[in-house]
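Report on the structure
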Amino acid sequence: MGCAPARYLVFFQYFGTRYSGVMKTRSDQALVGVQNYLEKAAQNLEASVPIKFHISSRTDTGVHALCNAAHLDIQRGPGKPHFSEEQLLLGLNCHLRPEPIRILSAHRVPSSFHARFSALSRTYIYRLLLGCSHHSQVPVFEQDLCWAPAGGPLNIPAMQEAAQFLLGTHDFSTFRSLSSDTEFKSPVRTILQVDIQPSPGFLSHHCEHRPLEFWEVKFRGRSFLYRQVRRMVGALVAVGQGRLAPRHVKELLEVKDALAFPPNAVAPPSGLFLKSVEY
């Protein structure tokens, strides 16, 4: 009989544009999930039982991760030692090439650890690009990595004022998209941090002929509802454009109705990054 399985926590990142999201999908789809590639790479580890990745945080089609997390159990055959953390890191990354998915680190954890339920908080950032009057003006190196809202400059102080209404524990029904499991999940969530800060763009210091501005909207909370971050960003950008007043964000919270969310105000997935999962 082989030894007991070893549980590992892995942190990984991916460029989300070419995937249907992080979660596993049918393999015959045009776009499949990041999990499909992780588990395909794990097949090469010659475990005695198929390896399943238990993903910490769901991300949608086109959404990126600077650092997501998952746990996996590896059962090896008789007489075979457990993988070291370094062996697991190198082995998975070797078989993930050439996909834009990378294992950042691997850690042996107790069998009671769960990547999703043991997380204390999750941090997302959303990247905005100001100074482009048309999407064709987005620098090629920033394509699919930010959102350049149309309509000129944004009123950042008004957005920062509106963001304060999102802090704390609220019923976020208005800020969640309807999905097959929406009705079974509580809409109450706690936002621990909201910041809107200037940010450097990739090679933006070389675009001196154009006054480009990059901004990041950061959210930290224990968990988030389906598309909640993109809807919150969309509402804040609407405030920045003058289409909503800051107090309207408070009113959207109070109405608790997903159908009350302004039409066509959901931020696109390209600017959204899962920054970190905290344990």
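Values in this document were obtained by computation on a predicted structure and should not be read as measured data.

Topic: the nonpolar core
One recurring pattern in soluble globular proteins is that nonpolar side chains are buried together. Counting 76 residues, the largest nonpolar core has Phe-12, Phe-53, Leu-166, Phe-175 and Phe-219 as its most contacted members. With eight residues, the single largest contributor to this core is helix H4 (residues 228–240). Among the domains, domain 1 (6–108) and domain 2 (121–278) are the pair contributing at least three residues each to this core. Residues within four places of Leu-166 in sequence aside, it is in contact with Phe-172, Phe-175, Ile-191, Val-194, Phe-219, Met-232, Leu-236, Val-249 and Leu-253. Core analysis: the next-biggest nonpolar cluster, separate from the first, contains seven residues, Cys-132, Val-138, Cys-146 and Ala-148 among them.

Focus on unusual backbone geometry
Cis peptide bonds are those with omega within 30 degrees of zero, and the linkage from Arg-97 to Pro-98 qualifies with 5°. Examined against the element boundaries, Pro-98 turns out to sit in the loop between helix H2 (85–96) and strand S4 (101–109). The phi angle at Glu-46 is positive, at roughly 60°, despite the residue not being glycine. Within the fold, Glu-46 resides in the loop between helix H1 (34–42) and strand S2 (54–55). Overall, the relative accessible area of 56% leaves Glu-46 in the exposed class. One non-glycine residue, Asn-264, adopts positive backbone phi at about 60°.

Looking at the side chain of Arg-189
By the element assignment, Arg-189 lies in strand S7 (residues 188–199). By relative accessible area, Arg-189 is classed as buried at 15%. Among the polar contacts listed, one links the side chain of Arg-189 to the side chain of Ser-223, at a separation of 3.1 Å. Excluding residues that lie within four positions of it along the chain, Arg-189 makes contacts with Gly-168, Thr-169, His-170, Phe-172, Ser-223, Phe-224, Leu-225 and Gln-228.

Focus on the pattern of salt bridges
One pass over the full model with this rule turns up nine salt bridges. Where Glu-99 meets Arg-18, a salt bridge forms, and the shortest distance between an N and an O atom there is 3.7 Å. Residue Glu-99 is found in the loop between H2 and S4, and its partner Arg-18 is found in the loop between strand S1 (6–14) and H1; the two are separated by 81 residues along the sequence. With its nearest N and O atoms 2.8 Å apart, the salt bridge here joins Arg-227 to Asp-60. With a gap of 167 residues between them, Arg-227 in the loop between strand S8 (213–221) and H4 and Asp-60 in the loop between S2 and strand S3 (64–74) connect regions that are remote in the sequence. Salt bridges sharing common partners tie together Asp-60, Arg-227 and Arg-230.

Quick notes on H2
Here H2 spans 17 Å end to end across twelve residues, near enough to the 16 Å set by a 1.5 Å rise per residue. Contacts from the buried residues of H2 go to S1, H1, S3 and S4.

Concerning the UniProt feature "active site" (unreviewed entry) in the chain
The positions that UniProt labels "active site" (unreviewed entry) are, in the present scheme, Asp-60. Accessibility expressed as a relative area gives 19% for Asp-60, which makes it buried. With residues up to four places along the chain from it excluded, the contact list for Asp-60 reads Ser-20, Gly-21, Tyr-226, Arg-227 and Arg-230.

Thresholds applied
- Residues numbered from 1 in each chain as written.
- Predicted model: local features only at pLDDT ≥ 70, side-chain atom pairs only at ≥ 80, totals over all residues.
- Heavy atoms only, no water.
- Core = buried A, V, L, I, M, F, W, Y, C linked by side-chain atoms within 4.5 Å.
- Buried < 20%, exposed > 50% of the residue type's maximum accessible area, 1.4 Å probe, protein only.
- Helix = DSSP H or I, 4+ residues; strand = E, 2+ residues; numbered from the N terminus.
- Domains from an automatic or database assignment.
- Contact = heavy atoms within 4.5 Å.
- Polar contact = N/O pair within 3.5 Å; in protein donor to acceptor, adjacent residues only side chain to side chain.
- Salt bridge = Lys/Arg side-chain N within 4 Å of Asp/Glu carboxyl O.
- Expected span 1.5 Å × (residues − 1).
- UniProt positions renumbered as here; feature names shortened; annotations may be inferred.

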